[in-house]
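Inside the fold
One letter stands for each residue in the lines below.
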Amino acid sequence: MKGAELPPDLLRAPKIFTEAAEMPQLRCAAVVPRHLSLLDLKPGDCRYPYGGDSDGETMTFCGHPCRSGSSYCTPHFHLSRDPEATARTVLSAAWLQAIGAG
């Protein structure tokens, strides 16, 4: 039995960008992370990630005590759930278009 063929739009070549897209300014929490590795995290430690954005960069985690009922400490909990902040556009239309999402 022959496998299903991929639709033509999945076979397109990747986009080649001539100019770097400007990265959006991300929001930050007012907390100094402990930068724990995944293996060093204990139950009740904040799981908010740091790093890992580029190839080979190590990802660490905040590690401060979690807010009750959350995987994040209080500052990271509010950062991830602030209704006014999440209502604002974080990524520009040009950046979304550059990654093929716009």
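Residues numbered from 1 in each chain as written. Predicted model: local features only at pLDDT ≥ 70, side-chain atom pairs only at ≥ 80, totals over all residues. Heavy atoms only, no water.

Before going further, it helps to examine the overall build of the protein chain. On a plain count of helices and strands, the protein chain comes out with 3 helices and 2 strands. Burial analysis of the protein chain (102 residues in total) assigns 19% to the buried set. Counting only contacts in the protein chain whose residues sit at least 6 apart along the sequence, the fraction spanning at least 24 positions is 48%. As displayed, the protein chain has an accessible area near 8,300 Å², and 57% of this comes from carbon and sulfur atoms. (Helix = DSSP H or I, 4+ residues; strand = E, 2+ residues; numbered from the N terminus. Buried < 20%, exposed > 50% of the residue type's maximum accessible area, 1.4 Å probe, protein only. Contact = heavy atoms within 4.5 Å. Areas by Shrake-Rupley, 256 points an atom, 1.4 Å probe, with all protein chains shown as cover.)

The subject of this paragraph is the environment of Leu39. Looking at the secondary structure, you find Leu39 in the segment before strand S1 (49-51). Look at Leu39 and you get exposed, because its relative accessible area is 78%. Each C-alpha atom of the pair Leu39 and Thr60 lies 9.8 Å from the other, and the pair is 21 residues apart in sequence.

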